[in-house]
Each structure stands twice: as structure tokens, then as C-alpha cells.
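Coordinate analysis (summary)
The chain contents come next:
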Amino acid sequence: MAQTDIPQYDAIIIGGGVSGLYSLYRLRERGMTARVFEAGDAIGGTWYWNRYPGARLDSESWSYQYSFSKELIDGWNWTEHFAGQPEIERYLNYVCDELKLRDGIELGTRVKSCIYDEASKLWTITTEAGRRARGRYVIAATGFLSAHQFPEYPGVEDFEGLSLHTARWPKEGVDLKGKRVGIIGTGPTAVQIIQTIVYEVEHLTVFQRTPNWCTALRNKPMDEATRAGFKRDAPQIFEQCNETLAAFIHKADPRDGVDVPKAERWKLYEELHARGGFALWFANYHDVFTSQEIADDVGEFLAMKIRERVKDPVMAEKLIPKDHTFGTKRPPGETNYYEAYNNGNIDLVEVKKTPIERITPRGVRTSERDYELDILIYATGFRSLTGELLRIDIRGRDGLSLAGKWADGPRTNLGVQFAGFPNLFAILGPHNPATFCNLPRCIENNVDWVMHCIDFLKANGQTSIETTVDAENAWTQVCNESAKGLLIGEMKDSWFYGNNNQGGERGHFLLYAGGVPAYRRIFREVETQGYPGFVRS
Ligand code: NAP
């Protein structure tokens with residue numbers, strides 16, 4: 001293709017999920033040309049790929065939708081308080097149709113490289129199929145849990161049964177009836193799948209490395225009156241979300257838990273446990289994030305619940321975390337997860353005690369024995385936060401590669417820009433509070449910031465913006481220190497620290513833990529002060 005035949009847009013958007021759709025809408029609203037390149041065969045991003053049985057929101061549906069359009073809110077009827085994957089996928093398709101976005105999206109198109117050209121000041125993306133497109137701006141709407149990973153056990157390729165990663169579940173579904181199924185992992189994804197499939201399979205073997213502190217989801221159908229109330233109150237709901245630490249609907253109890261007598265504390269835990277969702281985490285005493293005593297107390301409460309619910313006391317003890325405090329990893333939202341272990345057809349293998357040695361053609365071999373399986377499910381998570389960006393060969397000024405730049409951990413300014421990569425914006429990259437977040441709230445904040453930035457450039461007759469190295473160093477430092485004093489800062493064995501990342505980020509704190517309100521404040525300050533820390537031209 002001659003250089004002149006390469007299609008050119010004002011902006012290229014990589015990814016057609018919640019961030020990509022919103023970015024496309026906002027750019028078009030400004031009269032800009034934009035093209036979304038989406039690897040999946042349909043839109044939806046996370047909600048397209050993660051279609052495993054039981055996949056469901058852990059944010060309340062009515063707080064999880066886009067907030068910017070009353071028409072969209074009024075025109076959609078959530079059927080459950082915590083919508084399942086099919087309903088969320090339908091919702092995103094509804095948005096795509098209502099906003100007439102489809103003609104701006106190329107499906108089945110994975111971006112392989114994204115290269116900056118100094119002379120033209122344009123980015124060129126090349127797809128895996130070898131097609132190219134150019135854009136002045138690039139919005140990496142690639143998600144932070146997109147690059148799924150298989151564990152590094154020998155023999156992963158050898159299994160002769162059906163191997164499945166939860167993030168690549170077949171669209172046509174999988175017949176699990178009468179099958180001996182194994183699942184590796186007990187994170188939020190695994191919890192949802194285990195509690196759903198245990199009643200269907202012949203036998204389920206769960207390979208657990210670390211049990212998690214799960215919180216009760218309490219999903220229920222949504223009746224018309226409740227739905228109407230949420231539609232009416234939508235502006236206040238979104239406002240309230242933006243005022244909380246992680247943009248969930250739950251407001252923290254302002255009291256110091258340590259000053260409240262234990263019996264009274266446990267009364268609150270009972271209420272929050274009954275309320276469901278992340279109430280036990282985010283509506284708890286605000287010092288649940290900082291006080292070992294309070295986090296341990298919530299752990300003791302949940303351990304009591306687990307012991308009440310799991311009939312076999314030995315099994316119950318295996319399911320109670322012993323090596324990390326409540327709230328230091330994202331708690332899975334569960335629905336009868338613990339009861340699943342009473343079903344008689346389920347085994348729990350503690351792989352820290354009897355490590356997995358290899359995957360064999362017939363199943364899984366631990367140090368103790370072989371487990372024969374028909375189906376092996378990997379619920380082993382993602383190369384968190386950096387994985388999807390680094391899967392693309394991104395090269396900025398002077399051929400600088402993002403992978404090289406981040407070899408010793410990510411460096412960003414505000415989690416949005418990287419020095420040496422002009423006009424490249426990440427929506428859910430590292431150093432962002434979005435990791436904790438009720439995502440559409442954070443996505444709207446982040447995309448809106450990028451749009452304001454582009455408006456500002458335009459108003460000043462400029463077309464390029466790039467963070468300075470100093471500002472990038474300063475923000476990276478802010479992020480590294482943002483977890484100081486928080487219990488999550490001390491728990492290095494989580495994907496917040498890239499613990500499972502098969503790359504160079506292990507041990508680096510990958511988020512901004514200062515919370516959504518602080519981040520929004522910083523965004524506003526940078527905007528109103530004319531983008532200090534960024535060079536515009
Ligand atoms: P994850 O939280 O990273 O969990 C991965 C699981 O696999 C962990 O139990 C991990 O054990 C285990 N694992 C990884 N490598 C292993 C190995 N080599 N051997 C044995 N076990 C191994 O991933 P996820 O469950 O997919 O969830 C990721 C995030 O996605 C969540 O935190 C949440 O933010 C989001 N999510 C949300 C929902 C929702 O309700 N909306 C549902 C699913 C996921 P260790 O703990 O020991 O590392």
C-alpha cells in the first residue's frame with residue numbers, strides 16, 4: 001500500500017470495550033474522525049471475552065452504566081441488581097446502536113504495532129493482518145485485565161482433554177455435564193464459575209493456591225418500581241459514586257472502627273454482609289483500609305460465616321485465608337460459593353502444600369498424585385495493567401519502545417501519558433485509580449480528561465501534547481507512595497503489584513491508591529492550570 005493510501009483519522013482508538021465506545025462517541029461529538037480497532041469479533045471488550053458461566057458484575061448494574069446520557073439511562077431496563085455477562089454485552093450493543101457507533105469500529109482486528117513518526121507527527125498502527133492506519137492521536141482503550149495468562153507449568157500444551165481460559169470461553173458454550181472438570185485459580189473469576197458449574201459437572205477439582213476473602217453479592221431481580229427509582233435518581237447516584245474512594249455506591253462509615261466496641265462493629269458487619277456487593281469493603285469503617293485490627297476483625301467475622309456455611313470443618317479451614325488480611329486483594333463477590341463445597345462432588349487441592357508439578361495429557365500432576373480430567377479450566381488471571389499495552393509493539397519518539405521504557409516497571413504521568421509518546425493516551429493503564437474502581441465511572445473521568453485536553457490544544461492552535469520526564473517521575477513517585485499507610489501497600493502478593501505478571505512488573509505498585517475523588521481533583525487542577533508537566537506544541 002502506498003503511503004498516501006493509508007487511511008488517516010484524527011484519532012485511532014485501540015479497543016472496542018466500555019472505554020473505546022465512549023471515546024469514539026466523544027471524539028465524534030467534536031466532529032473528529034476516529035476509528036476503533038477491536039480484536040474481538042464483536043464489541044464489548046472484557047464483556048465480550050469473559051463469557052464463562054456465572055460471569056457477572058460486582059458493581060450494582062444501575063451504578064455501572066454510562067452516566068452521560070439521560071436517553072441511554074431511560075431507554076435501558078436492567079433486570080438484575082448485578083447483571084450477568086449476557087445482559088452487559090446486550091447493554092453495550094444497545095449503546096453502540098443508540099449512538100450509531102458501529103460504522104466507526106473494525107472488528108476482528110488486533111493491533112500489532114503502533115509507531116510514531118516524528119516528521120509527520122502521526123502514529124501508524126499496523127494490524128496483525130498487515131493493514132495500516134494513521135492518526136494524530138491514539139487512545140489506548142485496551143483495558144487493564146485483558147492480556148490473559150496461562151500458568152508457567154510444564155505440559156500446558158500436552159493436555160488431551162479440553163483446555164479453557166476463562167477469558168476465552170467459547171461463544172457456543174461448553175457442555176460440562178457428566179465431565180470431570182478441574183479449575184486452577186480461586187480469584188473472583190474462579191469463584192463465579194465454581195459456584196455456577198458445580199451442580200452441573202460430574203466432579204470438580206479446584207486447585208487453590210490462595211483462598212480469598214469473598215463478600216456476599218446478594219444479587220436479585222430488579223422490579224419495575226425499583227428500576228424507575230434508579231432512573232429518577234441516576235444523577236445523584238453517579239455524583240455519590242464519584243465522591244467515594246473507588247466510585248462504588250457504598251459510602252464509608254466515617255467513624256474509626258478501632259473506637260467502636262467489638263459487639264457494635266459486628267452488628268455493622270452483619271448489616272453490610274446482608275446488604276451485599278462491596279458494602280462490607282467500602283461501606284465499612286473507613287479505617288478498614290488502614291487498621292490491621294479492623295481488617296482482621298472483618299476477617300474473623302467472615303471466617304465465622306465460612307465455618308457456619310461449609311459443613312466439613314477441614315474444608316472450611318482450607319477456604320479461610322491465613323496469609324492475607326481482608327481487603328488487601330479485591331474480594332470476590334460470591335453467591336453460595338461456600339455452599340458449593342457441600343455438594344459432595346468437589347475436591348479442593350491446596351497447591352501450596354502439594355504443588356502442581358506439571359500438566360499431563362490426562363490432567364494435573366501434583367507432588368502427591370495425578371488428577372484425571374476431561375476439562376481443565378484456567379482461571380489464572382491476567383498480566384495486569386501493563387499486559388495489553390505491552391502486547392502491542394508501541395514505539396514513540398526516536399524509536400523508543402514502551403516495553404523497553406517499562407522494563408523496570410511502568411512510568412506514567414497521571415496514568416494517562418508516557419514521556420516520549422506524544423499524543424498517546426491510556427485510559428486504563430497503570431497508575432490509575434481505575435483498578436479499584438466501579439469502572440464506567442473511572443472510564444468516563446479518564447476519557448473526559450483526554451477530551452478536555454484535546455479541546456485545550458485545539459483552542460490554543462496546538463496539535464501535540466506530551467508529558468515531561470520530570471512530571472512523569474513525580475507522578476510515578478506519587479503512585480509508589482500512594483499505598484503507604486494502607487494495608488494493600490503491605491500485601492505484595494496481589495495483581496495490584498503484578499504478582500502473577502509474566503513480565504517485568506512484578507513487585508512494582510501498579511496503581512494510584514489515592515482514590516477517585518483525589519484523582520479527579522488532580523485532573524481538574526491540571527486542566528485549570530493549563531497542563532503543567534506537559535509540553536504542548
Ligand atoms: P486473579 O484475581 O488474578 O486470580 C487468579 C487466580 O489464579 C488466583 O487465585 C491465583 O492464585 C491463581 N493462579 C495464578 N497463577 C497460578 C498458578 N501458576 N498456579 C496456581 N494458581 C494460580 O484473576 P481473576 O479471578 O480473573 O480476577 C481478576 C480481576 O478481574 C478481579 O480482581 C476483578 O477486579 C476482576 N473481576 C471482576 C469480576 C466481577 O465480578 N465483576 C469477576 C471476575 C473478575 P494467587 O491468588 O495465589 O495468585
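This write-up is about the structure you can find in this document. (Residues numbered from 1 in each chain as written. Predicted model: local features only at pLDDT ≥ 70, side-chain atom pairs only at ≥ 80, totals over all residues. Heavy atoms only, no water.)

1. Topic: unusual backbone geometry
The following threshold applies: Numbering goes from the N terminus for both helices and strands, where a helix is a DSSP run of H or I of at least four residues and a strand is a run of E of at least two. Here the term buried applies to any residue with accessible area under 20% of the maximum for its type, exposed to any over 50%, and partly exposed to those in between, with areas from a 1.4 Å probe on protein chains only.
Residue Lys 100 is not a glycine yet carries a positive backbone phi of 55 degrees. One can find Lys 100 in the loop between α5 (85–98) and β3 (105–106). For Lys 100, a relative accessible area of 65% puts it in the exposed group.

2. Observations concerning the site of the ligand
As a reminder, the rule being used: Here a residue counts as near a molecule or strand whenever at least one of its heavy atoms sits within 4 Å of it. Throughout this description, a polar contact denotes any pair of N or O atoms lying within 3.5 Å of each other; where both atoms belong to protein, one of them has to be capable of donating a hydrogen while the other can accept it, and for residues adjacent in sequence the pair is counted only when both atoms sit in side chains. For accessible areas, the Shrake-Rupley method is used with a probe of radius 1.4 Å. Any residue's cover is judged against the shown protein chains and nothing else. In the scheme used here, Gly and all other residues not listed as nonpolar or charged are polar, with Ala, Val, Leu, Ile, Met, Phe, Trp, Tyr, Cys and Pro taken as nonpolar and Asp, Glu, Lys and Arg as charged.
With respect to spatial proximity, 25 residues lie near the ligand, and among them Tyr 153, Thr 189, Arg 209, Thr 210 and Trp 495 are the closest. Thr 186 places a polar main-chain atom, nitrogen or oxygen, 2.9 Å from an oxygen atom of the ligand. With respect to the ligand, the backbone of Pro 188 contributes an N or O atom lying 3.2 Å from an oxygen atom. Relative to its unbound accessible surface of 910 Å², the ligand loses 89% to contact with the protein. With three residues, helix α6 (residues 188–197) is the largest single contributor of residues to the shell around the ligand. Taken together, the residues of the shell around the ligand break down into ten nonpolar, ten polar and five charged.

3. Focus on the environment of Val 310
Where we set the bar: Any two residues whose heavy atoms approach within 4.5 Å at even a single point are treated as in contact.
Its location among the elements puts Val 310 in the loop between α11 (292–309) and α12 (313–319). The class of Val 310 is buried, set by a relative accessible area of 3%. Put simply, Val 310 and Tyr 338 are 28 residues apart on the chain and 5.9 Å apart in space, counted from C-alpha to C-alpha. When residues no more than four places from it in sequence are discounted, the contact partners of Val 310 are Met 315, Ala 316, Leu 319, Tyr 338 and Asn 342.

4. Points about the state of the cysteines
Heads up, the condition is: Counting rule for disulfides: a pair of cysteine sulfur atoms within 2.5 Å.
In this structure the tally under the stated criterion is one disulfide. What pairs with Cys 437 in a disulfide is Cys 442, and their sulfur atoms sit 2.1 Å apart. Because the sign of the S-S torsion sets the handedness, a value of about 90 degrees for the bond joining Cys 437 and Cys 442 places this disulfide among the right-handed ones. Like Cys 442, Cys 437 is buried. Counting only cysteine sulfurs, Cys 442 is the nearest neighbor of Cys 479, a cysteine outside any disulfide, at a range of 13 Å.

5. Observations concerning the sheet that holds strand β16 (residues 375–378)
Basically, it comes down to this: When DSSP finds two or more bridges between two strands, those strands count as paired. Here an axis means a line fitted to C-alpha atoms, over the contact stretch when the element is a helix, while the angle between two N-to-C directions is reported on a 0 to 180 degree scale.
As summarised here, the arrangement of the five strands in space is β7-β16-β8-β9-β12, forming an open sheet in which the pairing is parallel. The open sheet has two edge strands with one neighbour each: β7 (162–165) and β12 (346–350). Taking the axes of each pair of neighbouring strands and ignoring which way they run, one obtains an average angle of 15 degrees across the sheet. For β7 and β16, the ladder comprises four bridges, and the chain directions are parallel. Along β16, the bridge assignment pairs His 165 with Tyr 378.

6. Comments concerning the nonpolar core
Put simply, the rule is: Note on terminology: a nonpolar core comprises buried Ala, Val, Leu, Ile, Met, Phe, Trp, Tyr and Cys residues joined through side-chain atoms within 4.5 Å.
Ranked by internal contacts, the top residues of the largest apolar core, which has 134 residues, are Ile 194, Leu 204 and Trp 449. Here the element with the most residues in this core is helix α16 (residues 439–459); it accounts for ten residues. Those residues within four positions of Leu 204 in sequence are excluded, and the remaining contacts are Val 181, Ile 183, Ile 194, Ile 197, Val 198, Asn 345, Ile 346 and Asp 347. Grouped together as the second largest cluster of nonpolar side chains are 22 residues, Phe 37, Cys 114, Ala 133 and Leu 390 included.

7. A closer look at the pairing of strand β1 (residues 8–14)
Within β1, five of the seven residues are buried, which leaves it mostly tucked inside the rest of the structure. Examined bridge by bridge, β1 and strand β6 (residues 132–140) share six bridges and lie parallel to one another. In the sheet register, Ile 14 faces β6, and the bridge partner there is Ala 140. Strand direction decides the pairing type here: β1 and strand β2 (residues 34–37), joined by four bridges, are parallel. Along β2, the bridge assignment pairs Ile 13 with Val 36.

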